[in-house]
Amino acid sequence: MTEVVDRSDSSTTSKTASTSASAAIVGAAGTPAVDVAALGEQLLGKWAAIRHQARDLAGQPELHKIEGQHHTEHRARVSNQLQFLVDHRAVHRAFPAHLGGGDDHGGNIAGFEELVVADPSLQIKAGVQWGLFGSAVMHLGTDEHHRQWLPGIMDMTIPGCFAMTETGHGSDVASIATTASYDTDSQEFVLHTPFRAAWKDYIGNAAIDGLAAVVFAQLITQGVNHGVHAFYVELRDPVSKEFRPGIGGEDDGIKGGLNGIDNGRLHFTNVRVPRANLLNRYGNVAADGTYTSSIQSPGRRFFTMLGTLVQGRVSLDGAAVAASKLALKAAIQYASERRQFNASSSTDEEVLLDYQRHQKRLFTRLATTYAGSFAHEELLQKFDDVFSGAHDTDEDRQDLETLAAALKPLSTWHALDTLQECREACGGAGFLIENRFASLRADLDVYATFEGDNTVLLQLVAKRLLGDYAKEFRNVDFGVLARFVVGQATGAAIHRTGLRQVAQFVADNGSVQKAAIALRDEAGQRALLTDRVETMVAEMATALKGSNKLSQAQGAALFNQHQNELIDAAQAHAELLQWEAFTAALTKVKDPGTAQVLTWLRDLFGLSLIEKNLSWYLMNGRLSMQRGRTVGDYINRLLVKIRPHALDLVDAFGYGEEHVRSAIATGAEKVRQDEARAYFRNQRANGQAPVDEKVLIARAAGARTA
């Protein structure tokens, strides 16, 4: 077996792969070559310069997580690291320029999400301070609030909390129970926690560091509840660090991960807050208690206020993609060096990455990570357009919220899956903390449920899709779902009578090759992926038709009856967004060799989605059995084509050893394997190798036969 440990060795294995267009730039073995530097810059996206700066910072030992550190020491370390970020001007990009910021919203997120490679606890604690607490003051407050509090928030004079979630209500923010009742006589709000389930819970910085908080509560004035609003509340005395009168709390203690953050609980007993501390950009209370708002609809006002905080979901999407890149860089590097079992040689063991199953478990996740990376750049551009004011209509904001709600679940679930699969792919070595898989997975576990529970977010996406369906099939991002299927009933009849299957089989003429060509075609993949979403949404719309005319209980029961299908449709929609973002990115690749390899990777992503949902395509008549059988075969062919380029594809992520910090990704395994192989070669060459018992048995058997 040919040794595969570096670029030159990897190219030899590709002789078995079928090559594509002769226009592609070719390597020594006649296969396309990847321009790693150019691809790396494309992956960095619009804010490449800021990402480079952030990675330089994240590579510094002062910011690295010390594995195994006691949680109290970890908390203190991360708290001190926030000041390090301030001193290096790494966290002020989104704040107003007249206060020392940069008014750069997209660049801020691009730089912030890179902190995950240093320590996820650092990233999230920084997110609490500047991405949640600071952003709430900036986006929900007015100029007076900005002048009063933002400078202290920016320079860490005022470490703070974002107190929204309650023990009894997480994703259902509209139902939180903390109240802020206006007292006309004193011109103050009385903040109160009516029962234990209304304690603010899981609040970053609440246990130790937070001196102030933006507290979300039901605003009540003149006997009317105007819904959830935000209030700036001083929590602790800045000298003694003791809670102010009426405020109490406790430490959440050790968590499953992110133990560098002092999460805690807060409760309020008739705490008086000045009227001026209402963050009143979208709703105000006059001295006499009169409530006014520029947004008349309470529901629209609520979603507008929460929509200003969407950057948390955007940043988690990017951070999850970054964590997946780290894991794949380490696992694929290791798999290109680690050897196991004499499969095709009596002397040399196989490189793990040459096993088909190993390729599939890693390359399919590599393809998904590329898709997630390109989709995140589209999301980040949309975010910057909205928050910079370049494109900031109500529809733009709704699109942004839907896009973030669609992509954040996929990337965070994918990160957890990738970290686990990479851990297993590296065997016992993967379980060692020094290789970071287990540690990163523990820290990222909560990403699936905070800043919006993933399942709840997909339900929001599904509702938006149904709303679009009801509004004359309005466009959504990336050109997806430009129109739903015209004449859905007729289309369904064709699919379910088997006529489409027969047409496919006749077109393929029984040829596996023709079936494969049809599946790898970009238009064919788009049609299959889009058709599935269109059909699922149309079926849900039909099933729920007339639910608005039912009683509340009946309508809720009907919706619940189809909740699984709704969430499946939303996930299919999000996957289609990723596929289209990947496809759009291909048009920007200038180097032909890189374009060819990325096209194979895009095809692997698309066909993996089809394979995952193959039962749906077969049952609904979208694929014939002939084409269905070719999906897996063509995926296997793609794995062989991608194999020689695997190291290039992970090197393009641009993370060095100071970022990956995985012992098995340093080349140490190659040194060990080369030493072992040299030892056995010398034994054989010197005639010192012992004879294997099985050889003696075979010789004896042969002698008896003779």
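See the structure shown above.
In this text the structure is predicted, and so the values were computed from the model without any measurement.

> So, the overall build of the protein: which residues are in play, and what are the values?
Counting secondary structure elements, the protein contains 27 helices and 13 strands. For the protein, buried positions account for 55% of its 706 residues. Long-range contacts, defined as pairs at least 24 residues apart, comprise 74% of the intrachain contacts of the protein with a sequence gap of at least 6. Approximately 29100 Å² of the protein is accessible, and the part contributed by carbon and sulfur atoms is 53%.

> Quick one: what's the story with the side chain of Gln-673, residue by residue and with numbers?
Relative to the helices and strands, Gln-673 resides in helix 26 (residues 668-685). A residue is classified by how much of its surface remains accessible, and Gln-673, at 9% relative accessible area, is buried. Among the polar contacts listed, one links the side chain of Gln-673 to the side chain of Glu-669, at a separation of 2.6 Å. In contact with Gln-673, other than residues within four places in its own chain, are Glu-337, Arg-338, Arg-339 and Glu-349.

> Give a description of helix 7 (residues 143-154) that names residues and reports values.
A turn of α-helix holds 3.6 residues, and therefore any two residues three or four places apart point the same way. End to end, helix 7 covers 15 Å across 12 residues, agreeing with the expected 16 Å (1.5 Å per residue, within 8%). Inspection of helix 7 places His-145, His-146, Trp-149, Leu-150, Gly-152, Ile-153 and Met-154 among the buried residues, and these make up the whole buried set. Residues of helix 7 that are buried make contact with helix 4 (71-87), helix 6 (120-140) and strand 6 (224-234). Just downstream of helix 7 lies Met-156, where phi reads positive at about 75°.

> Go over the sheet that holds strand 8 (residues 264-268), please, and point to the residues and values.
Here three strands make up an open sheet; going across it, the order is 4-8-7 and the pairing antiparallel. Each edge of the open sheet is held by one strand with a lone partner, namely strand 4 (200-203) and strand 7 (247-251). Mean inter-strand twist for the sheet, computed between neighbouring axes without regard to direction, equals 20°. The sheet contact formed by strand 7 and strand 8 spans five bridges and is antiparallel. The partner of Glu-250 across the bridge, within strand 8, is Arg-265.

> Tell me about the packing of aromatic side chains, and name the residues and values.
One pass over the structure, following the stated rule, counts 14 aromatic pairs. Between Trp-149 and Tyr-232 the ring centres are 3.7 Å apart and the planes differ by 10°, which places this aromatic pair in the stacked class. With a gap of 83 residues between them, Trp-149 in helix 7 and Tyr-232 in strand 6 connect regions that are remote in the sequence. Each member of the pair, Trp-149 as well as Tyr-232, carries the same accessibility label: buried. With a centroid separation of 4.9 Å and 65° between ring planes, the pair formed by Phe-189 and Phe-231 is classed as edge-to-face. Linking Phe-189 in strand 3 (residues 188-192) with Phe-231 in strand 6, this pair joins segments that are 42 residues apart in sequence. A connected cluster of aromatic rings, assembled from ring pairs, spans Tyr-370, Phe-374, Phe-582 and Phe-653. Above the ring of Tyr-655, the side-chain terminus of Arg-55 is found at 4.0 Å from the ring centroid. We note Arg-196 situated over the ring of Trp-199; from NZ or CZ to the ring centre the distance is 4.1 Å.

The rules we used
Residues numbered from 1 in each chain as written. Predicted model: local features only at pLDDT ≥ 70, side-chain atom pairs only at ≥ 80, totals over all residues. Heavy atoms only, no water. Helix = DSSP H or I, 4+ residues; strand = E, 2+ residues; numbered from the N terminus. Buried < 20%, exposed > 50% of the residue type's maximum accessible area, 1.4 Å probe, protein only. Contact = heavy atoms within 4.5 Å. Areas by Shrake-Rupley, 256 points an atom, 1.4 Å probe, with all protein chains shown as cover. Polar contact = N/O pair within 3.5 Å; in protein donor to acceptor, adjacent residues only side chain to side chain. Expected span 1.5 Å × (residues − 1). Pairing = 2+ DSSP bridges. Axes fitted to C-alpha atoms, helices over the stretch in contact; angles between N-to-C directions. Phe/Tyr/Trp six-rings, centres within 6.5 Å; stacked < 30°, edge-to-face > 60°. Lys NZ or Arg CZ within 6 Å of the ring centre and 35° of its normal.

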